[in-house]
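The lines below spell out each chain.
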Amino acid sequence: MKAFYGDLKLGILGGGQLGRMLIQESINYNITTYVMDPDKEAPCKDLCRKFVHGSSTDFEAVYNFGKEVDILTIEIEKVNVDALEKLEKEGLTVYPQSRVIRLIQDKGIQKQFFKENDIPSAPFQVFGNKQELISAKIPFPYVQKLRRDGYDGRGVKTIKSASDLEKAFEEPFLIEELIDFDKELSVIVSRNEDGEIKTFPCVEMEFNAEANLVEFLISPSTLDFEILQKADQLAIKIADNLKIVGILAVELFFTKKGDILVNEIAPRPHNSGHQSIEGNFTSQYEQLLRAIFNLPPGDTRAISNSVMINLLGEKGYEGAAEYEGLHEVLELEGVYIHLYGKKFTKPFRKMGHVTIMDDDRQKAIEKARFVQNKIKVKS
């Protein structure tokens, strides 16, 4: 691998906020970044050395983009894996590997991987279309998930009765048992080419019920040591079994019976790791760079209690973004604002996040609730 003198070209498929924060970290390593995204005004557009307007799902676009860089990574799973496989065969370093992305792109294959590797997860069944599901007469309730292209809460529905079946997905999907959970958790784990694995402390998440995406996150979790150790061990096992190079977000359920179940995994920087920029000695973005360049993993310990809030576009507003309440929240100590460079807002669009840190966990939570109620993204 070339030395970090500015001529090392890192390609990133996807130019959203995850890529933006990865670029911010890559500057510290003198890494030149190339980005491809289908949005001409993607958040990464003005931050990278070269921006390519193109679709990450198009074979030729991905292949030609890959030929320009020294190493290729992703900030979204929806990419053309066939192009990545060809690039790998021709000698390009692609991390995470194309085989890992292919497995994770299909939730049915992902669940089968859990089953084959004795990774506890909700019981599931796979269906090709809605009529198959109706004919199967599965007892309600259950969760329906599209096998492919679900993202940020899209592609997931709770089916509670026959009337909900009318709005069920038509495309290939799986159904899962509806888990009665106490908390939703996440562990981010990294693995480099030498096989060194490192986890971040487990975090607790709260979801926006309407948008079905993370809205509030507390780090680190204060659950019992045995529970956190089990979550940690599951993340390590998955990373090791996959032999992934990069980082992996492992989303988990802590059930009311006291069990830990794996919900889903994502082979990229993740919403549940944003707080690590200020809240941990090493951020998830630096850890990704360390992993794909086969450097020693960084210190993932939490510096303090941290709470992360997603700034979502307000319902009823669509247009040029305006941020209400920034002045008031910046008067508080330990508040860190991250805006994603998106000019236009729409309901529930991720427009930024705020991290709140305090040595007193309860004070951090109280300040975060204040921030959550004060900042509004309107137009």
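Here the structure is shown first, and the text comes after it.
Below, the structure is looked at part by part. Treat the numbers as computed from the prediction; the structure is a model and nothing was measured.

### Description of the environment of Pro 269
Phase 1 of the analysis: Inspection of the secondary structure puts Pro 269 in the loop between strand E15 (260-266) and helix H9 (276-279).
Phase 2 of the analysis: Given a relative accessible area of 1%, Pro 269 falls into the buried group.
Phase 3 of the analysis: Separated by 22 residues in sequence, Pro 269 and Ile 247 place their C-alpha atoms 6.8 Å apart.
Phase 4 of the analysis: Those residues in contact with Pro 269, other than ones at most four positions away along the chain, are Leu 18, Ile 74, Ile 247, Gln 284, Tyr 285 and Leu 288.

### Brief notes about the sheet that holds strand E5 (residues 93-94)
Phase 1 of the analysis: Across the sheet, five strands lie side by side as E3-E2-E1-E4-E5; this open sheet has parallel pairing. One side of each edge strand has no neighbouring strand; the edge strands of this open sheet are strand E3 (50-53) and E5.
Phase 2 of the analysis: One ladder, built from four bridges, connects strand E2 (residues 32-37) with E3; its direction is parallel. The residue of E3 that forms the bridge with Tyr 34 is Lys 50.

### Quick notes on the state of the cysteines
Covalently bonding the sulfur atom of one cysteine to the sulfur atom of another cysteine gives a disulfide.
Phase 1 of the analysis: If you walk through the whole model with that rule in mind, you get zero disulfides.
Phase 2 of the analysis: Cysteine Cys 48 is unpaired, with the sulfur of Cys 44 as its nearest cysteine sulfur at 6.4 Å.
Phase 3 of the analysis: Here Cys 48 falls in the buried class, since its relative accessible area comes to 10%.

### Quick word on the sheet that holds strand E9 (residues 173-177)
Phase 1 of the analysis: Taken in spatial order, the four strands of this open sheet run E6-E9-E7-E8, and their pairing is antiparallel. Single-partner strands in this sheet number two, and they are strand E6 (124-127) and strand E8 (156-159). On average, each strand axis in the sheet is tilted by 25 degrees relative to the strand beside it, whichever way the strands run.
Phase 2 of the analysis: Note that strand E7 (residues 142-146) and E9 share five bridges and pair antiparallel. Its bridge partner lying in E9, Tyr 142 is registered against Glu 177.
Phase 3 of the analysis: Packing of helix H5 (residues 107-116) onto the sheet brings it into contact with E6, E7 and E9, and relative to E6 it is tilted by some 145 degrees.

About the thresholds
Residues numbered from 1 in each chain as written. Predicted model: local features only at pLDDT ≥ 70, side-chain atom pairs only at ≥ 80, totals over all residues. Heavy atoms only, no water. Helix = DSSP H or I, 4+ residues; strand = E, 2+ residues; numbered from the N terminus. Buried < 20%, exposed > 50% of the residue type's maximum accessible area, 1.4 Å probe, protein only. Contact = heavy atoms within 4.5 Å. Pairing = 2+ DSSP bridges. Disulfide = S-S within 2.5 Å. Axes fitted to C-alpha atoms, helices over the stretch in contact; angles between N-to-C directions.

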